[in-house]
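# Observations on the three-dimensional arrangement
These are the residues of each chain, in order.
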Amino acid sequence: MLITIKHVLTPEQVQDCRQALFSAEWEDGKKTAGYLAQHVKANLQLPLTSPVGLQVGQFLLHILQNNPTYIAAALPAKILPPRFNCYQGGGTYGNHIDNAIFPIAGTEARLRTDVSSTLFLSDADEYEGGELVIENTYGTQSIKLNAGDMVVYPGTSLHRVNPVTAGTRLASFFWAQSMVRQAHRRRMLWDLDQSIQAIAATNSQHPQLAVLSGVYHNLLREWAEL
Ligand SMILES: O=C(O)CCC(=O)C(=O)O
Ligand SMILES: [Fe+2]
């Protein structure tokens, strides 16, 4: 399941993030690429220890934890601190699948990357190219959103970022370990949740709502790992 979530950030929040990020010290993205990815990655990233990155990342985590659409789609058990990248002058990231496991900095814990996300911090008309191209079960999707909008997709997907041939593409990207590991189960829960919400919006007294919502929670109880 691939979903886009619009207006995760307000234009003012986008501006604040951008201003902070453009003042930070960037480094070659190859530093955090795995053995294979090094050959296909040509971008800039904020070092994981960047004070600006950590601060903006904390802000974004707070936003994500309060975004009901993201929570319903990802069902996150834990979210890795958001990272930041910047593509310009032909910068690109060729086809790859993200590492399955990441250490959580400063702790002994690790995170399994069930759900990947990109939050765009540049508007689509600010640069040429730079589409995030994601292969999923139903074919290939090319994603280019406006600043403040986000795409959420399974961590198992092959994906790439097309070369940015003009302008600058700034984004935050991050991974969540989901309470529900399997993408097809998350999809069923998502469909059920969205249908319940649609019924509730037109008839909040519908007698079957309690049953359907009970099914949702009982499935989650069956499947959730915390
Ligand atoms: O910039 C993006 O949209 C995705 C970046 C990415 O795939 C990665 O860093 O693993
Ligand atoms: Fe990736």
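The name given to the protein in an unreviewed UniProt entry is Fe2+-dependent dioxygenase, and the organism recorded there is Paenalcaligenes hermetiae.

This paragraph deals with the side chain of N85. Examined against the element boundaries, N85 turns out to sit in strand β6 (residues 83–88). When its relative accessible area of 6% is taken as the criterion, N85 is described as buried. With near-sequence residues (within four places) excluded, N85 lies in contact with W26, N43, L44, Q45, R169, L170, A171 and F173.

Right, let's talk about the nonpolar core for a bit. Formed by 31 residues in total, the largest nonpolar core has its most connected members in L9, Y70 and M150. Among the elements of the structure, β1 (3–5), α1 (11–22), α2 (51–65), α3 (68–74), β6, β10 (115–120), β14 (150–154) and β16 (164–178) are those that each provide at least two residues to this core. In terms of residues, this core owes the most to one element, α2, which gives five residues. In terms of nonpolar packing, the next biggest core, distinct from the first, is built from 15 residues, A37, Y93, L145 and V164 among them.

Here we come to the sheet that holds strand β12 (residues 132–136). Taking strand neighbours across the sheet as the criterion, the five strands line up as β3-β7-β15-β12-β13 in an open arrangement whose pairing is antiparallel. Each edge of the open sheet carries a strand with a single partner, namely β3 (41–42) and β13 (139–143). As defined by bridge partners, β12 adjoins β13 across five bridges and the pair is classed as antiparallel. The residue bridging E135 from the neighbouring strand is T140, located in β13.

Parameters at a glance
- Residues numbered from 1 in each chain as written.
- Chains lettered and ligands numbered in written order.
- Predicted model: local features only at pLDDT ≥ 70, side-chain atom pairs only at ≥ 80, totals over all residues.
- Heavy atoms only, no water.
- Helix = DSSP H or I, 4+ residues; strand = E, 2+ residues; numbered from the N terminus.
- Buried < 20%, exposed > 50% of the residue type's maximum accessible area, 1.4 Å probe, protein only.
- Contact = heavy atoms within 4.5 Å.
- Core = buried A, V, L, I, M, F, W, Y, C linked by side-chain atoms within 4.5 Å.
- Pairing = 2+ DSSP bridges.

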